[in-house]
Amino acid sequence: QVQLVESGGDSVQAGGSLRLSCAASGYTTGNWYMGWFRQAPEKEREGVAAISVGFTSYADSVKGRFTLSEDSAKRIIYLQMNSLKPEDTAMYYCAAGHGGVWYKGPPLRSEDYNTWGRGTRVTVSS
């Protein structure tokens, strides 16, 4: 019922930057949080960043390089990715969820998310 559409993925050289966007549409109920996950070939899906009511969570691997922001009125979240590394290469998925328990920041576990986008590919070459 809730749809998520990602955009902004591209191929860049190491050290470059990209900005991913995720637009949400459709009906939502309750308090929701949104986040970005990524999955490289033959690797498990990894939580990258999440945001809810102004609180953010980041994976250790992207802290200081990635910044998550939101336009709540437009129901869009953005992931600004700077100083990209080849190990950042992956499919990046936007996700939304509700009901997960968190205190310091919104969850980065895929199990806490209910709705997923189709993904956008990021390739960082060396």
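Summary of the structure given here. The shown structure was predicted, so the numbers you read here are calculated from the model rather than taken from an experiment.

In terms of residue burial, strand E5 (residues 46-52) counts as a mostly covered element, since 6 of its 7 residues are buried. Two elements, strand E4 (residues 33-39) and E5, share 5 bridges in a ladder whose sense is antiparallel. Bridge pairing links Arg-38 to Glu-46 in E5. Bridge count for E5 against strand E6 (residues 55-58) is 4 bridges, and the pairing is antiparallel. The partner of Ala-50 across the bridge, within E6, is Ser-57.

To continue, consider the state of the cysteines. Tallied over the entire structure, the rule returns 1 disulfide. Between the sulfur of Cys-22 and that of Cys-94 lies a disulfide, 2.0 Å long from S to S. Here the S-S torsion is close to -80°, and the disulfide linking Cys-22 with Cys-94 is therefore left-handed. With a gap of 72 residues between them, Cys-22 in strand E3 (residues 18-26) and Cys-94 in strand E9 (residues 90-97) connect regions that are remote in the sequence. An identical accessibility class is assigned to Cys-22 and Cys-94; each is buried.

What the 4 strands build is an open sheet, ordered E1-E3-E8-E7; its pairing is antiparallel. In this open sheet, the two edge strands, each paired with only one partner strand, are strand E1 (2-7) and strand E7 (66-71). Direction aside, the axes of adjacent strands within the sheet are offset by 15° on average. Relative to E3, E1 is paired through 6 bridges, and the arrangement is antiparallel.

Side chains of a nonpolar character, in soluble globular proteins, are inclined to be buried together. Ranked by size, the top nonpolar core spans 27 residues in total, and within it Trp-36, Leu-79, Met-81 and Tyr-92 carry the most contacts. Of all the secondary structure elements, the ones that give two or more residues to this core are E1, E3, E4, E5, E7, strand E8 (76-81), E9 and strand E11 (120-125). Beyond its immediate chain neighbours, meaning those up to four positions away, Met-81 contacts Gly-16, Ser-17, Leu-18, Leu-20, Arg-65, Phe-66, Tyr-92 and Val-122. Judged by nonpolar contacts, the second largest core, of 5 residues, contains Tyr-33, Ala-50, Ala-95 and Tyr-113.

Rules behind the numbers
- Here, residues in each chain are numbered from 1, in the same order as that chain's written sequence.
- Local features in this predicted model are restricted to residues whose pLDDT is 70 or higher, and side-chain atom pairs enter the listing and the counts only when it is 80 or higher, whereas totals over whole chains, interfaces and linings include all residues.
- Hydrogens are left out, water is left out, and the side-chain values use all remaining heavy atoms of the structure.
- Using a 1.4 Å probe on the protein chains alone, a residue whose accessible area is under 20% of its type maximum counts as buried, one over 50% counts as exposed, and one in between counts as partly exposed.
- Elements are defined by DSSP. Helices are runs of H or I of four residues or more, strands are runs of E of two residues or more, and each kind is numbered from the N terminus.
- What makes two strands pair is DSSP finding at least two bridges between them.
- We call a pair of cysteine sulfur atoms a disulfide whenever their separation is within 2.5 Å.
- To obtain each axis, a line is fitted to C-alpha atoms, and for helices this fit is confined to the stretch in contact; angles are then taken between N-to-C directions over 0 to 180 degrees.
- Among buried residues, those of type Ala, Val, Leu, Ile, Met, Phe, Trp, Tyr and Cys that are joined through side-chain atoms within 4.5 Å constitute a nonpolar core.
- Contacts between residues were defined by any pair of non-hydrogen atoms, one from each residue, lying within 4.5 Å.

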